[in-house]
Amino acid sequence: DVKVTQSSRYLVKRTGEKVFLECVQDMDHENMFWYRQDPGLGLRLIYFSYDVKMKEKGDIPEGYSVSREKKERFSLILESASTNQTSMYLCASRGALSGSPLHFGNGTRLTVT
Amino acid sequence: AQTVTQSQPEMSVQEAETVTLSCTYDTSESDYYLFWYKQPPSRQMILVIRQEAYKQQNATENRFSVNFQKAAKSFSLKISDSQLGDAAMYFCAYRSSTHYGGSQGNLIFGKGTKLSVKP
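On a predicted model such as this, the values are computed, not experimentally measured, just so you know.

Conventions we followed
Each chain carries its own residue numbering, running from 1 in the written order of its sequence. All chains are assigned letters beginning at A, and all ligands numbers beginning at 1, according to the order in which they are written. Restriction of local features to residues with pLDDT of at least 70 applies here, the model being predicted, together with a cutoff of 80 or more for giving and counting side-chain atom pairs; totals for whole chains, interfaces and linings are based on all residues. The basis for every side-chain value is the complete set of non-hydrogen atoms in the structure, without hydrogens or water. Should a side-chain nitrogen of Lys or Arg be within 4 Å of a carboxyl oxygen of Asp or Glu, the pair is scored as a salt bridge. Think of it in three bands: with a 1.4 Å probe and only protein chains considered, a residue is buried below 20% of the maximum accessible area for its type, exposed above 50%, and partly exposed in between. Segments assigned H or I by DSSP are reported as helices when at least four residues long, segments assigned E as strands when at least two residues long, and all are numbered from the N terminus. A contact between two residues is defined here by any heavy atoms of the two lying within 4.5 Å. Using a 1.4 Å probe, buried area is obtained as the accessible area two parts lose upon being combined, added over both of them. Pairs of N or O atoms within 3.5 Å make up the polar contacts considered here, provided that, within protein, one atom can donate a hydrogen while the other can accept it, and that residues adjacent in sequence are counted only when both atoms are side-chain atoms. Side-chain classes are defined by residue name, with Ala, Val, Leu, Ile, Met, Phe, Trp, Tyr, Cys and Pro counting as nonpolar, Asp, Glu, Lys and Arg as charged, and the others, Gly among them, as polar. Counting rule for disulfides: a pair of cysteine sulfur atoms within 2.5 Å.

Enquirer: Explain the pattern of salt bridges to me, please; I cannot follow it from the model alone.
Expert: Pairing between side chains of opposite charge can happen when the charged atoms of each approach one another. Following the criterion strictly, the structure yields 10 salt bridges over all chains and no others. Among the salt bridges present, the one from K55 of chain B reaches E52 of chain B, with a minimum N-O distance of 3.8 Å. In this structure K55 of chain B comes out as partly exposed when scored by relative accessible area, which is 40%. Where D86 of chain B meets R63 of chain B, a salt bridge forms, and the shortest distance between an N and an O atom there is 2.8 Å. Highlighted residues: D86 of chain B in the loop between β9 (74–79) and β10 (88–96) and R63 of chain B in the loop between β7 (60–61) and β8 (64–69), separated in sequence by 23 residues. It is possible to trace a salt-bridge network through shared partners that takes in D28, E30 and K71 of chain A.

Enquirer: Even after reading the chapter, I still don't get the interface of chain A and chain B, so can you show me in this structure?
Expert: A common way to state how big an interface is: give the accessible area lost once the parts meet. Listed per partner, the contact involves 28 residues of chain A and 22 residues of chain B. Around 2,000 Å² of area is buried between chain A and chain B when both sides are counted, 48% of it from carbon and sulfur atoms. If you look at where chain A meets chain B, you find 8 residue pairs in polar contact (both at pLDDT 80 or more). Top element by residues in the side of chain A that touches chain B is strand β6 (residues 42–51) of chain A. It accounts for 4 residues. A breakdown of the residues in the side of chain A that touches chain B according to their chemical character gives 14 nonpolar, 10 polar and 4 charged.

Enquirer: Explanation requested: the side chain of N106 of chain B in the structure shown.
Expert: The residue N106 of chain B is located in the loop between β10 and β11 (108–109) in this model. With residues up to four places along the chain from it excluded, the contact list for N106 of chain B reads F33, L45 and F48 of chain A together with Y94 and R95 of chain B.

Enquirer: Help me understand the state of the cysteines in this model?
Expert: Simply put, disulfide is the name for a covalent bond between the sulfur atoms of two cysteines. Under the defined criterion, the tally for this structure stands at 2 disulfides over all chains. Between the sulfur of C23 of chain A and that of C91 of chain A lies a disulfide, 1.9 Å long from S to S. Between C23 of chain A and C91 of chain A the sulfur-sulfur dihedral comes to about -75°; the bridge is accordingly left-handed. Of the two residues, C23 of chain A sits in strand β4 (residues 23–25) while C91 of chain A sits in strand β10 (residues 87–94), which places them 68 residues apart along the sequence. C23 of chain A gets classed as buried once you look at its relative accessible area, which sits at 0%. Since its relative accessible area comes to 0%, C91 of chain A is described here as buried. With its sulfur 2.0 Å from that of its partner, C23 of chain B forms a disulfide with C92 of chain B.

Given below as structure tokens:
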């Protein structure tokens, strides 16, 4: 079974702090994704990566950056956390084949006060 | 741009009954994939079922089946013999199969349907 692990289930940070959300997958997947999930808005793609050191912006990249130094790890960085970044963050990975489904982590609920 | 619409924000079903969740999508492509994901209160998103657009036969996974109407761009999920464990958010998603690399190959999600199961 594919395992996607997010380092924190709950996180509380203060406005202006730098925040790191970590995600690790164990299936040698090329593609990794960060989404945020908000009530009534569904899932919105923040950033994705299709290879080591490669990244592309998703639909809502403002205020976020990412890092992929190793194939199995994809980090989401909030350079200066703000209250409107309070949300559920979901990491996902998938293989290279076009029909491959996404495999998700358990999510990190981030609260910025 | 492709869009996915789930017109039912919430639905409820009696245990052991059947329920159908609606999903429509908009695309100009002929080749693509459609997915239903389930997100229970534990938050882990789980793949329920997948359909390739070039296959006419509707996908089935145990109590879960889809009604795929390509011309109508409709992809509904039917849950038979509903169980308490089926209570969750359900998301419909679309992905192009001709542009599976880069941003054009990303999943596009609907806003979800919250399903409650009454004992």
